[in-house]
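Chains, contacts and geometry: an overview
Here are the chains, one letter per residue:
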Amino acid sequence: MGFDKAKAIRAAEKYLAQGKIPAAIQEYRRIAEHDADDYTALNALGDLYARIDRKPEAVTCYRRVAEHYREQGFALKAVAVYKKVTRFDPGDRRTALALAALYEQQGLMVDARAQYLAAADASLQAGEAREALDILRRIADLDPSNTQIRLRLAEGYEREGLSDQAAEAYTQAGERLAARGEQEQALEAFNKALRLRPVMHAALQGMLSARAALGTADEAAELIEGALRSKPTDTELRAMLARAYVEAESASEAERATDTLVKQDASSFTVFFDVIRLYLQQGAVDDAARLLGRVAEPALTGRLDDTLIELLQEALARDPEQMEALRLLVRVYTWQRDEEKLRTALERLADAAETSGDVEEERKALTQLRRLAPAEERYAERLEALGGPFEGAHGEGSEARRDVPSFESFMLNDDAFAVPPAADAAPAQPGGEFEWNSVAQPGPAAADASASFADLNDLTDAAPAAGEDAAFAGQGPPAFHEIDFGAGHAAEAQQAASPNPERMLRQELESVDFYIEQGYSDIARETLDILERQFGPHAEIESRRARVPEDLLAAAREPSPAAAPPAFAETFEPTLVAAAAADSYAPAPAAQSNGSAPPAAPAEVAPSAVVEQARGGGIDPGLAAVFDEFRESVEDEGEAADGDYETHYNLGLAYREMGLLDQAVEEFQSAVNIAAPDDGTPRHFQCCNLLGHCFMQKGMPRMAVVWFKKGLAAPGRTDDEYKALRYELGAAYEELGDPARAIEAFSEVYAFDVSYRGVAERLQGLQKRLEVRG
């Protein structure tokens, strides 16, 4: 015969009405077994187990319900059920972590910190200092602005020998200090990180920024030079070094560092822009123009012509007759095919050449102007005065004057935009085609950007000469882009992800050393067994096994008579190989004699408890100090935080629905303190109403009266709302045994609606009671 769920429910309700709890439990167990998705029945089963003080079974039921709600996205209901779990297992780390994550999701950061702190407390008392530090890091992440907590966390990591985590925490603290303008404190934090990891990119970047702000960038350059000696091929460090010298205003050193960087990574040529700007600031226009000539080709290929023009214009503003800059400007406008700007640039070049007495340069510029604007007689007249047009590779002369091509034909058909000759073609002869008019389109071959502007045509057809910088030569059109100062992190992550058995073994042996020192002999032995199975026989494993005392091993396996073992197994993802084994040795909470009285919340443990344990030799005193500082910070924030109304209100509703009235009252009280009576919303009124109902359900009508009266005093509500609350006030007075005040409240309701919720009958009953008393 199949299972009849409806029949089982009726039987369970019948047994409950008769007070036969064990029989009702059997029925609910049958329901849960046949319908695994009936979480209402499972929650009821947990409540029944709780009533007969079978706490482990109750916790198991509650945990399944809570995890279901969490997975389905019902965060508030999950919180409410997890709170039931904490009544019977207050020191459970898994529950605390789940609650912390849910509170964080709801924006209740103070509550999240308190739960994380409870989880860290459990880890610390179990001897898992590293796990505790990891949880404390989560607390620190909830409040990025609290740099002191981050620094203490870093000290804790360092004390535990976790150099990488300590360096990261110091760096994060330094970044936040720097963001607040506290550069000296930031520099101190970065230096601590670099003491642990001398080539940590983020710490070096932060140190450089801090020193630049303090005016000591030259010292940063020295440190980066030292880091490069150990990693000479690290392009990110090379880029940092160039930036350091720019910040230190050492232009020649910045150029040297950038030159080395570009030889290693041609796409980093844009770093030269900062060096060029520095030369311009220092008035070294010729040096700036020289470097602009070097980066012109890759900049044009990378579509950075606007940046190139900006720097050329700045150079010409400082020296209007700088010939190299004028040639480059002509070249850029030729590339852009901007006839108007090209003509202006050619005129400026011709004028500068005339001033300097460079006849050939002036003839070249005027010849191009003549081709662009054949109607302009002044160009022709000046050319005649100089001996005629420049004779280029096309035999330009009288024939050119007779048939000058239009600008469109010049731009589309001129050799300036022709495909560069093949590599095996004959090199161009000196005095050939007008050099600065031969800018190649992006193609398979690019000219050597290190060459001078006047030699670009020759270099197009020939390999770089010996001794020339070939950073951009023979590589095809590279994907030019700005230097990414964070690129090194990806390399570090890839290196860290590669399995290294020796490194992994060393890390795990460090945890074994910790267990031996703390007296967790059994955990140490189990860890060594796991390591031997994973890595095979090893001398380091045997040396540590010899350090584990056999007598302590036997004692560790015997449960302490003063503390009962955990009632049920908990699963938790460890960060170390043996952390799962360590969990089973965490002190179990003392059994509660009365299941209806919930124990104190874990976050309310006195701060001195950890310090006292440290004095007993179980915990490092420095780590205990870090832990207590976190606790004090959480408590201070808990007192100062206002919270979010909607979160507290909705959580209160969830608690009330789950029957957790104490927690519901707490949340509604937090919500009502946020909502002002006259803020124009019904929030204050609603909280007063719900608080009154909660206290009525708790059998505390006097407290209910207080909140119903506060609700009636709130302005701006409708007549129906006030009527409902007056009725509830009358019911509270009646429950309190004050019929006179109850009659007064009910009479006000009766005056407006004689049929409201049986108010007439209630009034008659109360009046009869008064008459009997009289």
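Residues numbered from 1 in each chain as written. Predicted model: local features only at pLDDT ≥ 70, side-chain atom pairs only at ≥ 80, totals over all residues. Heavy atoms only, no water.

Focus: the overall build of the protein
In terms of helices and strands, the protein carries 40 helices and zero strands. A burial count over the protein gives 47% of its 774 residues as buried. Counting only contacts in the protein whose residues sit at least 6 apart along the sequence, the fraction spanning at least 24 positions is 58%. In the structure as shown, the protein presents an accessible area of about 36700 Å², 49% of it carried by carbon and sulfur atoms. (Helix = DSSP H or I, 4+ residues; strand = E, 2+ residues; numbered from the N terminus. Buried < 20%, exposed > 50% of the residue type's maximum accessible area, 1.4 Å probe, protein only. Contact = heavy atoms within 4.5 Å. Areas by Shrake-Rupley, 256 points an atom, 1.4 Å probe, with all protein chains shown as cover.)

Overview of the packing of helix H17 (residues 285-301) against helix H18 (residues 305-318)
In the contact formed by H17 and H18, the axes pass within 10 Å of each other and the chain directions differ by 165 degrees. Considering the angle they form, H17 stands roughly antiparallel to H18. Like other packed secondary-structure pairs, H17 and H18 cross with a definite hand, here left-handed. Contacts between H17 and H18 involve Val285, Leu292, Val295, Ala296, Ala299 and Leu300 from the first element and Asp305, Leu308, Leu311, Leu312, Ala315 and Arg318 from the second. Its residues placed into classes, the contact of H17 with H18 shows ten nonpolar, no polar and two charged. (Axes fitted to C-alpha atoms, helices over the stretch in contact; angles between N-to-C directions. Parallel < 35°, antiparallel > 145°, perpendicular 65-115°, else oblique. Left-handed = near helix turned anticlockwise from the far one by under 90°. Nonpolar A, V, L, I, M, F, W, Y, C, P; charged D, E, K, R; others polar.)

Describing the pattern of salt bridges
The full count for this structure, using the stated rule, is 50 salt bridges. When the shortest N-O distance is used, the salt bridge between aspartate 141 and arginine 150 registers 3.0 Å. Overall, the relative accessible area of 34% leaves aspartate 141 in the partly exposed class. Between aspartate 259 and lysine 263 there is a salt bridge; the shortest N-O distance is 3.3 Å. Taken as a pair, aspartate 259 and lysine 263 lie in helix H15 (residues 251-264) at a separation of four residues, close to a single helical turn. Overall, aspartate 259 belongs to the buried group, its relative accessible area being 18%. (Salt bridge = Lys/Arg side-chain N within 4 Å of Asp/Glu carboxyl O.)

Re the nonpolar core
In terms of nonpolar packing, the biggest core is built from 181 residues, with Ile224, Ile276 and Leu308 touching the most fellow members. Leaving out residues up to four positions away in the same chain, isoleucine 276 has contacts with Ala288, Leu291, Leu292, Val295 and Leu311. Grouped together as the second largest cluster of nonpolar side chains are seven residues, Leu505, Ile516, Ile541 and Val548 included. (Core = buried A, V, L, I, M, F, W, Y, C linked by side-chain atoms within 4.5 Å.)

Concerning the side chain of threonine 86
Within the fold, threonine 86 resides in helix H5 (residues 75-88). Looking at threonine 86, the relative accessible area reads 18%, which means it is buried. Among the polar contacts listed, one links the side chain of threonine 86 to the backbone oxygen of lysine 83, at a separation of 2.6 Å. (Polar contact = N/O pair within 3.5 Å; in protein donor to acceptor, adjacent residues only side chain to side chain.)

Looking at the packing of helix H1 (residues 5-17) against helix H2 (residues 21-34)
The axes of two packed helices give the description: the angle between them and the distance between them. Their axes nearest at 8 Å, the elements H1 and H2 cross at an angle of 160 degrees. Classed by the angle they form, the pair H1 and H2 counts as roughly antiparallel. Crossing geometry of H1 relative to H2 is assigned as left-handed. Across the interface between the two elements, Lys5, Ala8, Ile9, Ala11, Ala12, Tyr15 and Leu16 from H1 touch Ile21, Ala23, Ala24, Glu27, Tyr28, Arg30 and Ile31 from H2. Of the residues assigned to the contact of H1 with H2, the class counts are eleven nonpolar, no polar and three charged.

Some points on the packing of aromatic side chains
Within the structure shown, the criterion is met by eight aromatic pairs. Look at tyrosine 69 and phenylalanine 74: their rings are 6.3 Å apart centre to centre, the planes differ by 90 degrees, and that puts the pair in the edge-to-face class. When its relative accessible area of 14% is taken as the criterion, tyrosine 69 is described as buried. Classification of phenylalanine 74 as partly exposed rests on a relative accessible area of 44%. Between tyrosine 645 and tyrosine 649 the ring centres are 5.6 Å apart and the planes differ by 15 degrees, which places this aromatic pair in the stacked class. (Phe/Tyr/Trp six-rings, centres within 6.5 Å; stacked < 30°, edge-to-face > 60°.)

Comments concerning the environment of leucine 204
Looking at the element boundaries, leucine 204 is found in helix H12 (residues 201-214). Taking C-alpha positions, leucine 204 is 9.3 Å from alanine 227, a pair spaced 23 residues apart along the chain. The residues touching leucine 204, leaving out its near neighbours within four places in the chain, are Leu194, Pro198, Val199, Ile224, Ala227, Leu237 and Met240.

Considerations on helix H16 (residues 271-281)
Burial runs high along H16: eight of the eleven residues are buried. Turning to H16, its buried residues number three or more, namely Val271, Phe272, Phe273, Val275, Ile276, Leu278, Tyr279 and Leu280. Among the structural elements, helix H14 (235-247), H15, H17 and H18 are those in contact with the buried residues of H16. Positive phi shows up at glycine 283, right after H16, with a value of about 80 degrees.

Quick word on helix H29 (residues 539-547)
If you check which residues of H29 are buried, you get Ile541, Arg544 and Arg545. One side of H29 carries all its buried residues, which in axial view fall inside an arc of 105 degrees. Summarising the geometry of H29, the exposed residues directed more than 90 degrees from the buried face are Ala539 and Ala546. (Arc of directions from axis to C-beta.)

Some thoughts on the confidence of the model for the protein
On average, residues of the protein score 76 in pLDDT, and 71% of them reach the 70 mark or higher. Within the protein, no element has a lower average pLDDT than helix H31 (residues 579-583), which sits at 31, and none a higher one than H16, at 95. Overall, residues 551-619 carries pLDDT values under 50, and its contacts beyond four positions in sequence, including any with other chains, amount to 104 contacts. (pLDDT = per-residue confidence, 0-100.)

Observations regarding a nonpolar patch on the surface
A contiguous nonpolar patch, built from Met700, Met703 and Val706 and spanning about 230 Å² of accessible area, is present on the exposed surface. A relative accessible area of 40% means that valine 706 is categorised as partly exposed. (Patch = residues over 30% accessible without salt bridge, like charges linked within 9 Å, V, L, I, M, F, W, Y side chains within 5 Å.)

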